[in-house]
Amino acid sequence: MHSHDVDYRIFGHDIQVLEIELDPNETVIAEAGAMVYMEESIAFETKMGDGSEPDQSVLGKLFSAGTRLLTGESLFMTHFTHRGSYGKSKVAFSAPYPGTIIPVDLSTLPQGLIVQKDGFLAAARGTKISIHFNQKLGTGFFGGEGFILQKLTGDGKAFVHAGGTIIEKRLTNELLRVDTGCVVAFEPGIDFSITRAGGLRSMMFGGEGLLLATLRGTGRVWLQSMPVKKLIQALAPTGSNASKESGGLFGSLLDE
């Protein structure tokens, strides 16, 4: 089915809000829990799957929705529809952690867009959200971020969320090495794999982790400056932060 043609605005800088304006009977789909506010004419319904194949059998819907569990997402998605008979009505969404929202026009990407497993935020109804397995065994064994991904296809607008600042790079038969958690999305023309981060000494003491993501080919790549795993590590009261806190506490006790 053709995707609904929705209008949108993005507010804010560090913690952004996506506001989508719907005409009567237009629908936008979103991850459960992403809604911030909606106007009176908006009705919402939780359904299995993205609604891109309305004639799909119950078994097919179960299978399509069930594959989302492999990416760590909810089995259900929320569909927001303008049920009024005239005018426009708005519904807004935000992501679960600080970052940037990327609008993507899927009509310019006939082969779709590959997105990290927790990167999808919302899309016009008609967008198909499917699972994408990276074919390289090394990626599956060693690079959890890049093994199970999502693929967005359609002819409407989709919105992807990422942590921190977004960098869009265009590769022309090039190779780019990136921290494994910093890859947000890429076009299917890009080959994604996981490689060792140099020699043993670099891997153990370089501070960049044991593995790097390698992106090779021609197409666009979107990168994020603050993967959610790094944000969690920075906020968690363990590891280096815990030692700093305990050192500060010990020092304050000595000063007394």
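One structure accompanies this document, and this report is about it. This is a predicted model, so every value here is computed, not measured.

Conventions used here
- Residues numbered from 1 in each chain as written.
- Predicted model: local features only at pLDDT ≥ 70, side-chain atom pairs only at ≥ 80, totals over all residues.
- Heavy atoms only, no water.
- Salt bridge = Lys/Arg side-chain N within 4 Å of Asp/Glu carboxyl O.
- Helix = DSSP H or I, 4+ residues; strand = E, 2+ residues; numbered from the N terminus.
- Buried < 20%, exposed > 50% of the residue type's maximum accessible area, 1.4 Å probe, protein only.
- Patch = residues over 30% accessible without salt bridge, like charges linked within 9 Å, V, L, I, M, F, W, Y side chains within 5 Å.
- Areas by Shrake-Rupley, 256 points an atom, 1.4 Å probe, with all protein chains shown as cover.
- Phe/Tyr/Trp six-rings, centres within 6.5 Å; stacked < 30°, edge-to-face > 60°.
- Pairing = 2+ DSSP bridges.
- Axes fitted to C-alpha atoms, helices over the stretch in contact; angles between N-to-C directions.
- Contact = heavy atoms within 4.5 Å.
- Core = buried A, V, L, I, M, F, W, Y, C linked by side-chain atoms within 4.5 Å.

Let's shift gears to the pattern of salt bridges. One pass over the full model with this rule turns up 9 salt bridges. Two residues, E21 and K90, come together in a salt bridge whose shortest N-O distance is 3.7 Å. Of this pair, E21 sits in strand 2 (residues 17–22) while K90 sits in strand 7 (residues 89–94), and the two are 69 residues apart along the sequence. For K47, the salt bridge identified is with E45, shortest N-O distance 4.0 Å. When its relative accessible area of 32% is taken as the criterion, K47 is described as partly exposed. Connected via shared salt-bridge partners are E168, R170, E187 and R220.

This next bit is on a nonpolar patch on the surface. Taken together, the side chains of F11, M35, V36 and Y37 define a hydrophobic patch exposed on the protein surface, amounting to about 320 Å² of accessible area. When residues in the nonpolar patch are grouped by element, the largest group, 3 residues, is from strand 4 (residues 35–38). Topologically, V36 is positioned in strand 4. According to the relative accessible area criterion, V36 is partly exposed, its value standing at 41%.

Turning our attention to the packing of aromatic side chains. Under the criterion given, the structure shown has 4 aromatic pairs. An angle of 70° between the planes, with centres 5.0 Å apart, marks the rings of Y8 and F159 as edge-to-face. Here Y8, found in strand 1 (residues 7–11), pairs with F159, found in strand 13 (residues 157–163); they are 151 residues apart in sequence, far enough to count as distant. On the basis of relative accessibility, which here comes to 33%, the residue Y8 falls in the partly exposed class. Ring plane angle 5° and centroid distance 5.4 Å describe the contact between F186 and F192, whose orientation is recorded as stacked. We note that F186, like F192, is buried. Three or more aromatic residues joined by ring pairs make a cluster, and in this case those are F44, F80 and F93.

On to the sheet that holds strand 13. If you walk across this open sheet you meet the 6 strands as 5-6-3-10-13-8, and the pairing is antiparallel. Whereas interior strands pair on both sides, the edge strands pair on one side only; in this sheet they are strand 5 (42–48) and strand 8 (99–105). Strand after strand, the sheet turns through a mean of 20° between neighbouring axes, direction not considered. When strand 10 (residues 120–124) meets strand 13, the two strands line up antiparallel, connected through 3 bridges. By the bridge assignment, A122 is partnered in strand 13 with F159.

Within the element layout of this structure, K47 appears in strand 5. Distance in space between the C-alpha atoms of K47 and H79 is 7.1 Å, their sequence separation being 32 residues. The contact partners of K47, leaving out residues within four places of it in the chain, are F76, M77 and H79.

One recurring pattern in soluble globular proteins: nonpolar side chains tend to sit buried together. Counting residues in hydrophobic clusters, the biggest one holds 18 residues, and the most contacted among them are L106, L113, F120, L152, V160 and V184. Mapped onto this core, the elements with two or more residues apiece are strand 8, strand 9 (113–115), strand 10, strand 13 and strand 15 (183–186). Counting 16 residues, the second-largest nonpolar core is a separate cluster that includes L22, V91, F93 and F159.

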